[in-house]
Structure formats: C-alpha cells, structure tokens
Amino acid sequence: MSRSIISTKRRQILKTLGAGGALSATGLLSIPAYAKNKPLRIGILAPRTGVAATIGECGIRAVEWGVARLNAQGGIGGRKVELVIQEETSPKETIDRYRKLILQDQVDTIHGVMSSGVSLALAPLAEQSKTVTMLWDGTTQDGVKEMVPYPKYLFKAAGNEVDAVMASLQAVKLYGGQIKNIAGVNVDYTYGRTTWTTFLAILKKFGIEPNIVSEQWVKIGTMDLTSNIAVLKAAKPDLIFSSMFFADLPIFMQQAHNAGLTENAKFVLPVGGVQQTALKKQFTPEGLILGHSTFYFDDKEGSQLQKEFVKWYVDKYKEHPHFEAERAYFCLAMYKAGVEKALSAKPNAWPSSSEVAQAIPGNKVESLGGIGYMRPDHIPNQTFYQGLSTHKNDYDFVTLGSVNKMSAEIIQKPAELEYWDWLDKADFKVEVGRPKGSFVQKKG
Amino acid sequence: MSSILNILLAGVFHAATLFLVTAGLQLIFGVQRILNLACGSIYALGAYVGITLTTWALANGLPPYLFPLVLLVAGLVSGLIGIPLERLIRSVYRRPEAFQLLLTFSLILIFQDVIWFFWGAEPQQLSNLTMTYGTISVMGVTMPTYNIMLIAVAVLFAIGLNYYLNATRSGKILRATAENHETGAAMAIDVKRVYVWVFTLGTTLGTLGGALVIPTTAATLQMGVELVVEAFAVIVLGGLGSMKGAIVGALIVGVIRAIALFVYPEVEVLAIYAIVLAVLIWKPSGLYGKVEA
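Named according to an unreviewed UniProt entry, chain B is Branched-chain amino acid ABC transporter permease originating from Noviherbaspirillum album. UniProt annotates chain B under Sequence similarities (unreviewed entry) with the comment "Belongs to the binding-protein-dependent transport system permease family. LivHM subfamily." The UniProt entry for chain B carries this comment under Subcellular location (unreviewed entry): "Cell membrane".

Shown next as structure tokens:
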C-alpha cells in the first residue's frame, strides 16, 4: 500500500520550480515599478487560543518562517511580504475580522482558517469581496459540497476525510480479518461523524462487517474521559477508531492506558499525529495506526526544505511541528506561484486578484511535506503520512516505525464525484489482512 | 458485573471532580449570597499552578510519590487569590444580582487572559503521574490508585466541611452570618472578616480541586468555562448554597452521564439536563435548597 508521490516526475517538477525561483531571484521576471515599493500584505486568520490554539500557532510559525525566507530571496514578485495576523474564533467574529483585513488593513490575500464552520461562513464572502482566500484546513467533504461549488477566489484545503480514508485502508490491510468488535470515539461535529462513517464504509467495501460495540461522540474540550473509557472497557472492542486530535487525545490515551485498555485493543488515530509530542511513550502503545496528515517531521526521506524547517522550528520553539505548518506553508508557496505566473503573463502591471486566482490552479509547488498540486477545482493534491507507532526513538513520545505515504490523487475524491459515491466505487487496491497463515483475499 | 461497577466508579470519579468545583461555590453562596460564575476559572488557576509547581519540584529532585503534597501546596497558595478577589467583589454585595453575575463573568474573561499571558494558549499537562501509585483491581475493575485517592479526597472534603460548619466555633459563626448578617453584626461578629475568610476558603476549595485533579487530565484555557456549565447543573439539582446538595447533585450528574454513555451515548448531555429540568419543575429550589420567601 505504501506509495510515494515522489515519482519519476519529481526531478522534472523540481527543475521547473528551480527555474522559476532562479528567474525570480535574478530579476528576469519583470516587476512593475510601483509594486516594488509597496509590500504585499497577507492576512492570516488562525486560532491562537482555545483547544485549537496549538494547531493554529504551528501554522502561524510556519508562515512566519516562510515569509522571512521569501523576503530574503526578494519577496513575491519583487515585493516584500508582510503578515497581518488576526485570530480565528467563531464564524461571526472571524467574518468581521476578514472584512477588517480587506477594508482596513488592505491585504492582498487572506490565508488560514481551521474550522469547517468558519470556512463555510467565509466562502461566499471570499467570492463577493474578490479576495484570493486560501484555506489551511476546515474542509470536510460535506463542507466542500456545501461551499461555493465553483469558486473563483476561494482555494480549499485537502478534504479532512483523506486522513480517515488512508487510516481505514491501513486498518483493513493490517487487521482486516481480525476485526470483530469495533468501537468509535469521535469528536462530536461534522468532521468526527464523517470520518467514523468513512471508516465503516471502507470496512464494508472490503467485506468486513464487525459488531459496533460502542459509538461515542465526545464534545470538543472534554477532558474527563473516565466514563468514556469505562464504557469502552465494558464493550471490549478489538479495535478503537478515534478522530480526536485536540488536547483531549493525549488524555484519552493516558486514561485508556491507565485503565488497561491499551493491552488488547488496537487503535486507529487518523490525525493523532497533531498531538505527537504529547503522545508519551509512558501511555501510548507501539503499533497503533497514527496519522500525520500532510507532514511528518521525522521523515528520513524528507526534502532539504523539510529538514531545514524542522531544525529551525525545534531550535526556536523546542517543539516539533505538525501538519498545520505544512498547510500554511503550502498556501504561501501556492500563492507565490500564482502571482509569479500571472506576472509572467502580464509583465507590465501587477496582476489583479482575478488574474492571480486564475493563475493558481495547475501549479505544482514544493512544500514542507513534498510536492503539492492545485487541482482545477481549487482543492490540492498533497502527500499524506501515516504509519505504526514505535518507541524506538530518542524522544519521550511515539514516532512512526515505518512511514507510509499516499498521494491524495488516490485517497481524495475527484472533482466530478460525490464523496460517498466515489468511496463506494474507488479502486484502492488494498489486500485485506487476515490472521497469520490464512487466506488473503484480494479486493478492489 | 465488573462492567457495571467500572461504569459506576467512573461516574463517581467524575462526581468527585464536580464536587471539588462546586463545594467552594456553594460555601460562598451559602454565606455571602454571591453566585460566583468564576468558580471554574479559580479551579483552572489551581490546575495551572499545580502543573508549574509540580514540574518544578520534580525537576529539582522531588521523589515522584510526593507529588500530591506539592499539589496541595499549589492549591493552598493559589487559593490566596481569594483575598483580593473578595475585595473586588465587595463592591457588589448590596447591589442587584445582575451586577454579581456581570462582575464574576468578567472575572472569567480576565482569568482566561491572565492564564494565557503566563502559561500560553497550549494545553498543559503533567506526565503520567497518576500511575505513580499503580492501579487497583477490584472485582475485575482496574483503576489508577490516584483516582481512588481523589474520590477519597472529595469525601474527606465533604466530611471536613460538614464538621467545620457544624462542630466548630468558626463554622457556627459562618452559619450565623449566613442566616442573617445584620443580626450577626449586632452580636459582634466581624462580618467583613467573615466574608474575606469565607470567600478565601471557597476559593481555596476550588484551587485545591483543580490542583489535585490535574494529574488525571489536561489544563486548557477553556476548562473553567466548560466545568462551570456542569457545576451549575450540580447546584440546580442539589440546591444553591447546600453542601449536601453539592454532593448529591455531583453524584447524580456524574453517574447519570456514565450510564448514559453506556446505554445510549447520544443522550449523554440530554439525560443530565432532562433531570435538571424535572427538578426545576418539581422542586425549583433544588433537592436540598432552601425555599426563599
């Protein structure tokens, strides 16, 4: 199943990227004179407080690093880049701040947003205000469906269910024939519900129909999970699937371990890697399926860019970055690619928002997690990282024993299909795992 | 059988946590008639101070098995915040209740920002210290010993408070002041000092609760707000100002939630508030609350 996006095309892509960078750096790319004196302002909307604060802060740090790097190389299209950072909170408040960024701060583009609710609320406004808006996150497939269907200015993040699809496929491959009793402990909002349904749908697709012995929905921010753990203990599942990824996840694992639940049950945590440093070896077992979404800090095969970023991040913050850093950097790199492509098509004037928006789809950029591509429907294809947790490292938290990489081209729904129809028809080419020595059934 | 016991124990553990939040709230309302919305924030402060002091103590060579002592110190020290808070709240003693609610609500926001300033937005937690004392297995139920200790602490708090309020001179003065502060003042009770003492004691109960519970969970900026919602379900059930009500209310909320999760998880929250609603209709003053004239 392990498959890398790093294919034979990579050299060609890197060559193109390098050529673009060289053009930009040497000034061969024509820049309108007025533009050079005016900084390019990027508005950022990200949570800095609350349960999502850790995640938002990681994205902000990455974009700050990216901007410093860009400015050292001459900025975007010759203009120095400035960040105007505002907090993402409720949809209503965030919309107000979005307007402020456009009207008062006069930003050229707005990036960020993690919540699906906020992204749904912002989508129409992005189109009305004709502001190139690039979402870091917050796009469950249901959300994608409900948003502006054919956006011109809005660029979405990879569907949140992609992580669930990949984790489910891994579970099918590893435990398929052994899964008899399963339990779901998922966050109680669209994302949690869709990922759990995705898991069940994929099991069914591969002919696995286990008993659902417990199905729990945890409110965001719930920190006393003792009762949830007690119910799981009583239910005796073979496998527990959880889409938790806020600060509640380490607490869940800690309380599960302390109650003896980790001794027998297998765990599938599609985006658990967000809490990587909090998943201490003391209470996080080896062998759980752990997803890191579009970025894994300890990927030995990672690019020079990834290694440079991780080193800077660890040196500066004494922490390890997660996927939100990649999402933020990807948006910055993709926006830069769009501006410079639009500039090369119309060298004597700074491109309008509309021209930049039109120039973004079809671009391939190097991001922290590998090469990413913006599809014509404004949803990116990126690489996703998952694997089995291991204690064999120098940290006090679990990392991945072996890193599986999958391209979103395989595990993300294409533009023209409905999510559930696609999931039903997709050909994933995964072998259903069976108990040792038994028949291995080929499906898909 | 072990499954049922496991679920009930988990419910009792949650009840113990809720009692530690609401005990101080009940004491303060019982004597001062102040509905302190910031009780959850005070609990959060205890949790954050507990993490900082424990982390520091462990880094400086404290044997891990002594960590509960550090948490006790953290709870007691941070409880002193009650003294300046009482001075602030004094300004609304004789004003309509809406002023109390506004003031204590603003304290929630202030506490959130103060915690954010000193500890940052990222959730904080102690490493798995709860396992320092290992686990206890009874009738097939495995639970960290620390969780059992925490339930015992909540029971001790309840017994201690009951003894203090009913069997000590200081406690009787509090009760006399609670009955009628003007009569109390006429009998040479220094009501101002009583108020400072009660508020600080109530605050310390909250900070001690936060500090002692934190090894089992994580501290977040929202923890105060999240707990206060359940805490108010407890006091509506038990009756505002009643310590016995806090115990019974916490047990009802904790156990009902655990059972709902087992039987039909979708009604986890609904089950609690359906009972709250029923009590409000049947006995608006709560199970042990006094009916106001």
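Colleague: Could you give me a rundown of the confidence of the model for chain A, with the residues and numbers involved?
Modeller: All names here are of chain A. On average, residues of chain A score 87 in pLDDT, and 87% of them are at 70 or above. Within chain A, helix 1 (residues 9–26) has the poorest average pLDDT of any element, 47, and strand 3 (residues 109–112) the best, 98. Here residues 1–11 is modelled with pLDDT under 50, and outside its nearest four sequence neighbours on either side it reaches 18 contacts, counting other chains as well. Within the model, the stretch residues 436–444 combines pLDDT values under 50 with 13 contacts to residues more than four positions away or in other chains.

Colleague: Pulling in residues and values, what's your account of unusual backbone geometry?
Modeller: All names here are of chain A. In this structure, Val113 takes a positive phi of about 80° despite not being glycine. On the secondary structure map, Val113 appears in the loop between strand 3 and helix 5 (116–129). For Lys318, which is not glycine, the phi dihedral falls at a positive 55°. Here Lys318 shows up in the loop between helix 11 (304–317) and helix 12 (323–345). A residue is classified by how many C-beta atoms lie within 10 Å of it, and Lys318, with 8 of them, is exposed.

Colleague: Talk me through the pairing of strand 1 (residues 135–138) of chain B; I want residue IDs and the actual numbers.
Modeller: Residues and elements named next belong to chain B. Summarising the sheet, strand 1 and strand 2 (residues 141–144) pair through four bridges and their orientation is antiparallel. By the bridge assignment for strand 2, Val138 is matched with Val141. Hairpin connection from strand 1 to strand 2: two residues lie between these consecutive antiparallel strands, with Met139 at a positive phi of about 50°.

Colleague: I'd like a description of the sheet that holds strand 11 (residues 364–367) of chain A, backed by residues and values.
Modeller: Residues and elements named next belong to chain A. Taking strand neighbours across the sheet as the criterion, the three strands line up as 11-12-13 in an open arrangement whose pairing is antiparallel. One side of each edge strand has no neighbouring strand; the edge strands of this open sheet are strand 11 and strand 13 (380–381). Pairing of strand 12 (residues 370–374) with strand 13 involves two bridges; the strand directions are antiparallel. Bridging from a neighbouring strand, Tyr373 pairs with Asn381 of strand 13. Its contacts with the sheet put helix 12 on strand 11, strand 12 and strand 13, and the angle it makes with strand 11 is roughly 140°.

Colleague: Break down the interface of chain A and chain B for me, citing the residues and quoting the values.
Modeller: Listed as interface residues are 31 residues of chain A and, on the opposing side, 33 residues of chain B. In terms of residues, the side of chain A that touches chain B owes the most to one element, helix 9 (residues 226–235) of chain A, which gives eight residues. By residue class, the composition of the side of chain A that touches chain B is 13 nonpolar, twelve polar and six charged.

Colleague: Describe the packing of helix 1 (residues 2–32) of chain B against helix 9 (residues 191–213) of chain B, with residues and values.
Modeller: Residue and element names in this part refer to chain B. Relative to each other, helix 1 and helix 9 sit at 175°, their axes nearing to 8 Å. Comparing the axis directions of helix 1 and helix 9 gives the class roughly antiparallel. Residue-level inspection shows Thr17, Leu20, Val21, Ala23, Gly24, Leu25, Leu27, Ile28, Val31 and Gln32 of helix 1 in contact with helix 9, the latter providing Tyr195, Val198, Phe199, Leu201, Gly202, Thr203, Leu205, Gly206, Gly209 and Val213. For the contact of helix 1 with helix 9, the class distribution of residues is 13 nonpolar, seven polar and no charged.

Colleague: Quick rundown of the confidence of the model for chain B? Include the residues and the values.
Modeller: Residues and elements named next belong to chain B. Averaged over all residues, the pLDDT of chain B is 90; the fraction at 70 or higher stands at 99%. The spread of mean pLDDT over the elements of chain B runs between helix 8 (residues 181–186), the lowest at 81, and helix 3 (residues 67–79), the highest at 97. Model confidence for the complex: the whole-complex pTM is 0.83, and ipTM, which rates the interface, is 0.79.

Analysis parameters
Every residue gets a number counted from 1 within its own chain, in the order that chain's sequence is written. For this description, chains carry letters from A and ligands carry numbers from 1, given in the order in which they are written. It should be noted that, the model being predicted, local features are given only for residues of pLDDT at least 70 and side-chain atom pairs only at 80 or more, the latter also being counted only at that level, while totals for whole chains, interfaces and linings use all residues. UniProt positions are given in the numbering used here, feature names are shortened, and annotations may be inferred rather than shown by experiment. By definition, pLDDT measures how confident the predictor is in each residue, and it falls between 0 and 100. Where helices and strands are cited, they refer to DSSP runs of H or I of at least four residues and of E of at least two residues respectively, numbered from the N terminus. Placing C-beta atoms from the backbone, we regard two residues as in contact once those atoms come within 7 Å. Each residue is classed by its C-beta neighbour count within 10 Å, where at least 20 other C-beta atoms makes it buried, 12 or fewer makes it exposed, and intermediate counts make it partly exposed; the C-beta atoms are placed from backbone geometry. Here, strands pair whenever DSSP counts at least two bridges between them. Between N-to-C directions, angles cover 0 to 180 degrees, with each direction set by a line fitted to C-alpha atoms, over the stretch in contact for helices. Residue type decides the class: Asp, Glu, Lys and Arg count as charged, Ala, Val, Leu, Ile, Met, Phe, Trp, Tyr, Cys and Pro as nonpolar, and the leftover types, Gly among them, as polar. By definition in this entry, angles of less than 35 degrees are roughly parallel, angles greater than 145 are roughly antiparallel, angles of 65 to 115 are roughly perpendicular, and the rest are oblique.

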